[in-house]
Amino acid sequence: MEPEERLIVALDVSSAEDVFYLLKKIGQPRCSVKVGMELFYQEGADMVRRLKDEGHFVFLDLKLHDIPHTVYRTMRGLARAGADMVNVHAAGGSEMMKAAIEGLDEGAAGKRPVCLAVTQLTSTGQDMLENELLIHQPIQKVIAQYSELAYRSGLDGVVCSAWEAAAIKEQTSSTFLAVTPGIRLANDAAGDQRRVATPERARQLGSDYIVVGRSITSAENPAEAYLRVANEWRKI
Ligand code: C5P
């Protein structure tokens, strides 16, 4: 895959109209995109089909977490809709993750979509882990354990911070994918992201794909911002 295809723009909007307006401003007819819950729950699988018809690589970020049978059937449908990349919560356990892969295998017309695990949401901190979820372990250890569980369950990689990519690959395999949000251009505000990295730093740290939202979509000139991110990401 070309580096540009491994630069995924987060389409964090809630209507098809806003998607196509944003894509027009970005000016990359076939850029890779991420569809999250906000958009999917408004526009449904038709949004995925439309983006695929226009030639986009589509990461469907729905973070499934349910009983194995439900995840199996849902993944079968999402693969049929044409998603290229999907994800689940590793907290759903190994049986659920294996069921996800089975569903994707069955629903895919050609190549099975890439399936990633979410280990811990970036909004979860040590306090919440201990006091609300009653998990009395350092969060980094929990992330490492969930990554290994995902690897052993046959998943292709994890969504993680660029700063965690090397440790996760060391624990699993160099081919286990690190898909990393929390990317910012040097002068951008971090916003609600905690551990940010520039596209260049993410590449150096071992990210396989970067997911970029506001640095491109909220830029004064999204087309120029996209090119800046792409240039840094592809080692210019
Ligand atoms: O605007 P920004 O670049 O921060 O957007 C990052 C995208 O990645 C958002 O769609 C966000 O929901 C998503 N994401 C994240 N952290 C995770 C998983 C997904 O920021 N751990």
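Scroll up to find the structure this text is about.
Per chain, residues are indexed from 1 in the order of the written sequence. Per-residue local features of the predicted model are confined to residues with pLDDT of at least 70, and side-chain atom pairs are confined, for both listing and counting, to 80 or more; whole-chain, interface and lining totals are unaffected and use all residues. Computation of side-chain values: all heavy atoms of the structure, hydrogens and water removed.

Peer 1: Please explain the nonpolar core as it appears in this structure.
Peer 2: Most often, soluble globular proteins have nonpolar side chains that are buried together. Counting 65 residues, the largest nonpolar core has Leu7, Leu51, Leu60, Met75, Val88 and Met97 as the members making the most contacts within it. Runs of E in the DSSP output that reach at least two residues are strands. Runs of H or I that reach at least four are helices, and both are numbered from the N terminus. Considering each element in turn, this core owes the most residues, six residues, to helix H7 (residues 139-152). Residue contacts follow a heavy-atom distance rule, with two residues in contact if any of their heavy atoms lie within 4.5 Å. Sequence-distant contacts of Leu7, that is, excluding residues within four places in its chain, are made with Ser32, Ile210, Val212, Ile216, Tyr226, Val229, Ala230 and Trp233. Think of a nonpolar core as a cluster: buried Ala, Val, Leu, Ile, Met, Phe, Trp, Tyr and Cys residues, connected wherever their side-chain atoms sit within 4.5 Å. Throughout this description, buried means an accessible area under 20% of the type-specific maximum (1.4 Å probe, protein chains only), exposed means over 50%, and partly exposed covers the range between. The next biggest cluster of nonpolar side chains, apart from the first, holds 13 residues, and it includes Ile8, Met85, Val159 and Val179.

Peer 1: Please clarify how the sheet that holds strand S6 (residues 157-159) should be interpreted in this entry.
Peer 2: Two orientations exist for strands paired in a sheet by backbone hydrogen bonds: parallel and antiparallel. At least two bridges found by DSSP between two strands is the condition for calling them paired. Taking strand neighbours around the barrel as the criterion, the eight strands line up as S1-S2-S3-S4-S5-S6-S7-S8 in a closed arrangement whose pairing is parallel. Here the average twist between neighbouring strands, direction ignored, is 25°. Sheet topology places strand S3 (residues 58-64) next to strand S4 (residues 85-89); three bridges connect them, and they run parallel. Counterpart to Phe59 in the pairing with S4 is Met85. Every axis in this analysis is a line fitted to C-alpha atoms, fitted for helices over the stretch in contact. Angles between the N-to-C directions lie between 0 and 180 degrees.

Peer 1: What is the right way to look at helix H11 (residues 222-233) in this model?
Peer 2: Two residues of an α-helix separated by three or four positions point the same way, owing to the 3.6 residues in each turn. Each helix should span, by expectation, one fewer than its residue count multiplied by 1.5 Å. Relative to the 16 Å expected for twelve residues at 1.5 Å per residue, H11 spans 16 Å between its end C-alpha atoms, a close match to the ideal helical length. Regarding H11, the residues found buried are Pro222, Ala225, Tyr226, Val229, Ala230 and Trp233. Here the buried residues of H11 occupy an arc of 135° about the axis, which is enough to place them on one side. In this structure, the buried side of H11 is in contact with strand S1 (7-10), helix H1 (16-26), helix H9 (199-205), strand S8 (209-212) and helix H10 (214-217). Once H11 finishes, Lys235 follows within two positions and takes phi at roughly 60°, a positive value. Taken from the helix axis, the directions to the C-beta atoms give the arc we talk about.

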